[in-house]
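# Coordinate inspection notes
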Amino acid sequence: MNRRALQESEERFRQLVNNIDEVFILRTTAPYRYVYISPAVENVFGLTADEAIADPALFLSFTHPDDAEFVRKTMEEAGRAERVEVEYRIIRSNGQVRWVWTRYQQVEVAPGDPPLVAVVVTDITAQKDAHRAEASARAEAVRANAAKTEFLSRMSHELRTPMNAILGFAQLLRMDELNEDQHESVRQIIHGGRHLLDLINEVLDISRIDSGELALSIESVLVSDVLDEVMDLVVPLVATRNLTVLMPVGDVCHEHVLADRQRFKQVLLNLVANAIKYNRNDGEIRLSCSTRPNGEFAITVSDTGIGIGSEELKRLFTPFDRLGRESTGEEGTGVGLALSQRLIQLMSGRIEVASAPRVGSSFTVLLPLVKTVGPQPDEQGSPTAGAVSSTATPLVRHSQLSVVYIEDNLANVRLMEQIVARRREVTLIHAMHGRLGLDLISSSQPGLILLDLHLPDMSGEEVLRRLQAEVTTKDIPTVVVSADASPGQIRRILEMGASGYLTKPFDVEELLRWFDDPHGMEGTAP
Ligand code: ADP
């Protein structure tokens with residue numbers, strides 16, 4: 001390259017460096033001296049290139065005091081390593097704090113000469129601000145979500161506790177001699193209470209799914225079993241509308257899908273209940289199963305009811321949207337389908353809908369099919385069938401039973417006293433505190449322990465742990481009675497050794513079964 005060409009190339013390079021936003025610096029390693037600093041330094045640092053070159057110490061003093069030590073070490077390293085990158089803060093001459101990203105790289109300028117360090121400084125304040133805003137928005141969203149979940153779980157607990165008294169006392173009243181009007185009033189209380197309870201459960205489930213807190217236990221589930229259970233539950237409803245139920249032909253539903261059994265049943269129950277509610281009198285409900293070529297198993301619930309228009313279909317899975325059916329007199333919350341869809345999606349499945357107004361609707365649940373080889377565990381000599389028939393004859397015990405109930409809510413204690421009053425053979429000993437309860441249990445050796453989890457002095461879990469750790473108390477059946485209905489909590493308490501778990505508001509009949517046969521009921525918990 002001749003001299004002129006060299007000058008031209010150097011000029012182009014200088015122009016480039018002078019016009020970029022990044023600050024370009026060339027410096028020696030030791031002694032510390034700036035050879036070149038591009039004019040962009042003025043924009044970033046607030047001092048001119050000449051000022052910076054004249055006084056390296058002044059230039060370096062722009063580094064934020066909190067980052068100074070770390071930058072000094074990095075610069076030393078830059079004298080040894082080939083390439084170093086660092087992010088730090090500077091304070092401009094006007095006091096403004098800015099973030100810079102700096103890259104140091106050793107460069108050979110002329111053979112034999114000591115290498116220089118080329119430094120590129122980029123102002124990254126805008127990116128940093130954006131990241132910080134994003135991180136704080138994310139943290140805020142996480143905090144808000146946690147607060148929402150906490151709020152809902154508290155709300156649900158607070159609502160369930162009085163519901164326990166309402167439903168419990170109403171169930172007790174129903175067992176008394178009542179005239180027709182009184183009977184109807186009690187029926188309305190129980191009906192309204194259960195409706196409210198369903199709503200609390202559904203809203204809580206949706207919120208748990210939305211915050212990623214709902215844990216499912218996915219297993220291989222025999223579809224025909226679940227369908228049979230669902231149909232058993234809806235027999236009375238079907239009769240009220242004189243509907244014809246067409247069950248699947250042959251063994252088409254005798255297949256296994258991957259699902260959470262309890263939640264799968266909940267979804268099918270919701271679809272069948274809707275097929276009944278939104279049907280016409282004397283209509284039909286048809287259940288069918290089929291395998292799709294892509295390995296999905298389809299369970300379809302069809303009805304001959306009012307159907308859903310194409311515009312309404314778009315809002316079908318929106319929580320609380322009842323598509324204007326509020327006036328039909330059919331009860332509902334408008335949350336069931338929204339929850340069903342989320343549950344099935346969590347099981348890696350989906351729900352398809354086809355509907356025509358005044359003709360009927362078809363809801364199809366699609367879930368991954370389990371390819372089975374040979375007989376499945378629940379097809380071999382069904383152990384559960386034996387268990388069911390052995391408890392089918394109610395056990396009537398007349399031997400004395402003493403029950404220790406550890407509970408601090410007085411309304412619940414009154415309710416329990418009233419229930420116990422119906423069983424002459426049962427004596428109730430009550431303790432408000434965990435410690436007193438433990439003492440009473442050791443001294444009286446009751447036949448059954450009922451345990452609330454929220455106690456003033458220690459948690460019910462701690463009481464349970466101590467009962468299990470003691471030889472004299474570990475075999476006494478202990479039933480936890482709590483408003484916390486989360487499946488994870490129930491599983492954990494049962495794993496800790498509780499014999500049963502009653503969710504407030506509990507079913508009085510179920511509690512009475514515990515009184516009738518505390519040991520026989522063990523292991524029948526949800
Ligand atoms: P709801 O508690 O109101 O039954 P869902 O979430 O189960 O709530 O259903 C939402 C709405 O979708 C219902 O209010 C109803 O308008 C409509 N719907 C659901 N299933 C059917 C059906 N099989 N036929 C007609 N409309 C239905």
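Quick note: structure is the one above.
Given the structure is predicted, the values throughout are model-derived calculations rather than measurements.

Under the definition given, this model contains 32 salt bridges. Arg 89 is the partner of Asp 67 in a salt bridge, and the nearest nitrogen-oxygen pair spans 2.9 Å. Here Asp 67, found in helix α5 (residues 65-80), pairs with Arg 89, found in strand β3 (residues 83-91); they are 22 residues apart in sequence, far enough to count as distant. Here Asp 67 falls in the buried class, since its relative accessible area comes to 9%. Using a relative accessible area of 22% as the deciding quantity, one classes Arg 89 as partly exposed. Ionic pairing is found between Glu 330 and Arg 241, a salt bridge with its closest N-O pair at 3.1 Å. Pair noted here: Glu 330 is in the loop between α10 (310-313) and α11 (336-346) and Arg 241 is in the loop between α8 (223-240) and β7 (244-246), with a separation of 89 residues, a long-range link.

Turning to its location among the elements, Thr 102 is positioned in strand β4 (residues 97-107). Residue Thr 102 is classed as buried on the basis of its relative accessible area of 1%. Between the C-alpha atom of Thr 102 and that of Ala 139, which follows or precedes it by 37 residues, the distance is 29 Å. When neighbours within four sequence positions are excluded, Thr 102 is seen to be in contact with Val 84, Glu 85, Val 86, Tyr 88, Val 119, Val 120 and Val 121.

A word on the sheet that holds strand β16 (residues 478-482). Taking strand neighbours across the sheet as the criterion, the 5 strands line up as β14-β13-β15-β16-β17 in an open arrangement whose pairing is parallel. Both outer strands of the open sheet, β14 (426-431) and β17 (500-503), are each paired with one neighbouring strand and no more. Going from strand to strand, the sheet's axes swing by 20° on average, the running direction of each strand aside. In this structure, strand β13 (residues 401-406) lies alongside β14, joined through 6 bridges in parallel fashion. Bridge pairing in β14 places Val 403 opposite Leu 428.

Rules used throughout
Residues numbered from 1 in each chain as written. Predicted model: local features only at pLDDT ≥ 70, side-chain atom pairs only at ≥ 80, totals over all residues. Heavy atoms only, no water. Salt bridge = Lys/Arg side-chain N within 4 Å of Asp/Glu carboxyl O. Helix = DSSP H or I, 4+ residues; strand = E, 2+ residues; numbered from the N terminus. Buried < 20%, exposed > 50% of the residue type's maximum accessible area, 1.4 Å probe, protein only. Contact = heavy atoms within 4.5 Å. Pairing = 2+ DSSP bridges. Axes fitted to C-alpha atoms, helices over the stretch in contact; angles between N-to-C directions.

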